[in-house]
Amino acid sequence: MSGHSRRSSHGGATSRVGPEISTGGGTVPPTDAAALDAADPDSTTATPPRDFATVAAARRAPLFRELACAARAIEALAAGRSLPRALDDAIAAESAGEPLPAASRAAVRDLAYRSCRVLGLVRELARGLNARKPAPAPAALQEVALAQLVGSVRADAVIVDQAVRAAHALPGGTPVAGFMNATLRRFVRERAARLDAARRHEEARWNHPQWWIDRLRRAWPDRWEQILETGNGSAPMTLRVNRLRTTPAEYLSRLSAHGIAARPLGAQAIALDAPAVVDTLPGWHEGFVTVQDAAAQLAAHFLDPRDGERLLDACAAPGGKTTHLLELADVELTALDIDAARLAAVRESLERLGFAAERGATPGADGRPDAAHASMPRCADAAQAPTPRRPVSDTGPEPTPRRPVSDAGPEPPRRPVSDAAPQPLPRRPAILVCGDASRPADWWDGRPFDRILVDAPCTASGIVRRHPDVRWLRRRSDLATLPRRQSEILGALWPTLRPGGKLLYTTCSVFPEEGEGVITLFLEKHRDASRLPLQWRFDVRTPESTPESVSTLLPVATPMRDHDGFFFALLEKHS
């Protein structure tokens, strides 16, 4: 029996995690669907993967249905929709007639994310195989099937057969199925030559758009290949230990007692050797830990809040940095976000960790709360409010919690966890405000802040290993429009900072246009601002190690340093 797959009762092969997928510029580690659908680096709510062997053993739909569903999501991705949302829509549509079992939902996500991670390669393969460009639906199905064939996840014959069955249901029917059969079989016959020819093209070799590759090469001539290779890998599940509840050493011991292997990565950062369901983590419900990338955890430390100060966390959702600031000091903190529904996630994070939260009054033009703002839904109810669709380039990728679906098949066993609410922590309530960071007159009460965190909307180019769809959604023009938006926010918030106060500007981007470019322009226009040096000691296992200067952190994946890409600049305001 092949080591790559085995036959299953649903007409295909089991969706077990396969071998690494070669991309020409590195490899894509074997991952299951939920791991690839994990949270952003600041996530506080996303549920990491369930045991995939258990899921694979559960009831499954026929493989051709799973392929068709994944292809529908890839088609939506090509049209500009984020993959998590595209998958939600595709699964809902596929389940409209006959419900898609939970195991198949996980398999669909795996199919779609595997395709997304090698999209540059399979698109180039398709260009070489096709006499003319197919319609969007069969093109997406062909890409999903080719991604499976490239990765040798299942037997070739199974993939071809099931893809052809899926093609019969597309507009065009039999001719489309014939096209699918001919092109996929030709690839199987000529696999080595086809792959070799495709990988001569940089988009296929690196699985990033050409403009993205060119920008990185110019910006980081000695590091661009390493950045791309890291982006093609998978990110670890990193936790931030709440030091108001426990210590990293104590929590590592608790993880070990539960059979969960992990390693320290920073002052509060712990990386798990394998992703785990958050509900199975000891002390999760009691607020002992939060899911947050190791680089994202530096923001609160760099801002360095002090007891009694007044802080603003602009663009606060989903709340990872908000809660971290409260863990470090007893401050009067305002958490601002333009999206009421995402601000509700901040409240949920605060409550799980034991912090109180209040809805802030939003002043009108005369400085007093107006009727329109007074009638806004409270943040506790914001999840029920309509959520405006924000342009993809205007935010980082959103975390998509993957909770079990009770009516879609058996769930894997879970370790028992305490359901006890966390004990309240000795901190002032966070004030939650819905508002636009670039328009302080709409929400600011006129009292200056001592410290401000600006986690600005950006291309999210530093976190593509967590969100492989980002690279295909961004456009070259974003590197013109987003820096303008970042500068607008930074300039608007500067007057709300008191003289002597500090502002930390950060983005999860590795493009200089969104980092040094924005800060250089800001300092030229604001003579009352100066940039302060930032340093961090990354080698937590060697106390005598030398701290490093920090500005742009490029993504790294080593045992000692495993983090996403970020930019940090700390500014001080003069009198």
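Here goes a summary of the coordinates provided. (Residues numbered from 1 in each chain as written. Predicted model: local features only at pLDDT ≥ 70, side-chain atom pairs only at ≥ 80, totals over all residues. Heavy atoms only, no water.)

When helices and strands are tallied, the chain shows 21 helices and 19 strands. Counting only residues that meet the buried cut, the chain has 57% of its 575 residues in that class. When the accessible surface of the chain is split by element, carbon and sulfur atoms take 52% of a total near 22,400 Å². (Helix = DSSP H or I, 4+ residues; strand = E, 2+ residues; numbered from the N terminus. Buried < 20%, exposed > 50% of the residue type's maximum accessible area, 1.4 Å probe, protein only. Areas by Shrake-Rupley, 256 points an atom, 1.4 Å probe, with all protein chains shown as cover.)

Okay, helix H20 (residues 478-493) next. Note on helix geometry: an α-helix contains 3.6 residues per turn, so any two residues three or four positions apart are oriented the same way. Its 16 residues place the ends of H20 22 Å apart at the C-alpha level, agreeing with the 22 Å of an ideal helix rising 1.5 Å per residue. Contacts from the buried residues of H20 go to helix H12 (210-219), strand E7 (310-314), strand E11 (449-455), strand E12 (497-507) and helix H21 (516-525). (Expected span 1.5 Å × (residues − 1). Contact = heavy atoms within 4.5 Å.)

So, on to the sheet that holds strand E5 (residues 269-272). Pairing is antiparallel across the open sheet formed by four strands, whose spatial order is E4-E5-E3-E6. In this open sheet, the two strands that pair with only one neighbour each are strand E4 (262-264) and strand E6 (289-291). Ignoring strand direction, the axes of neighbouring strands in this sheet form an average angle of 30°. Against the sheet, helix H14 (residues 248-257) touches strand E3 (238-241), E4, E5 and E6, its axis set at about 20° to E5. (Pairing = 2+ DSSP bridges. Axes fitted to C-alpha atoms, helices over the stretch in contact; angles between N-to-C directions.)

It is worth spelling out empty space enclosed by the protein at this point. Under the definition given, this model contains four cavities of 30 Å³ or more. Leu-265, Gly-266, Ala-294, Leu-298 and Trp-536 are the residues nearest the centre of the second largest cavity, which is lined by 16 residues in total. Contributing elements (two or more residues each) for the lining of the second largest cavity: helix H15 (298-303) and strand E18 (562-563). When grouped by side-chain class, the residues that make up the lining of the second largest cavity number nine nonpolar, five polar and two charged. (1 Å grid on protein atoms, 1.4 Å probe; cavity = no way out; pocket = protein on both sides within 12 Å on 5 of 7 lines; lining within 4 Å. Points joined across faces, edges and corners; volume = space filled by probe spheres on them. Nonpolar A, V, L, I, M, F, W, Y, C, P; charged D, E, K, R; others polar.)

Considering all chains together, one arrives at nine aromatic pairs under this definition. With 5.6 Å between their ring centres and 55° between their planes, Trp-211 and Trp-212 make a pair best called tilted. Accessibility classification places Trp-211 together with Trp-212 in one group, the buried group. Within the aromatic cluster, the residues linked to one another by ring pairs are Phe-302, Trp-536, Phe-566 and Phe-568. One cation-aromatic arrangement involves Arg-352 over Trp-284; the distance from NZ or CZ to the ring centre is 3.7 Å. Stacked on the ring of Phe-538, the Lys or Arg Arg-561 has its end atom at 3.8 Å from the ring centre. (Phe/Tyr/Trp six-rings, centres within 6.5 Å; stacked < 30°, edge-to-face > 60°. Lys NZ or Arg CZ within 6 Å of the ring centre and 35° of its normal.)

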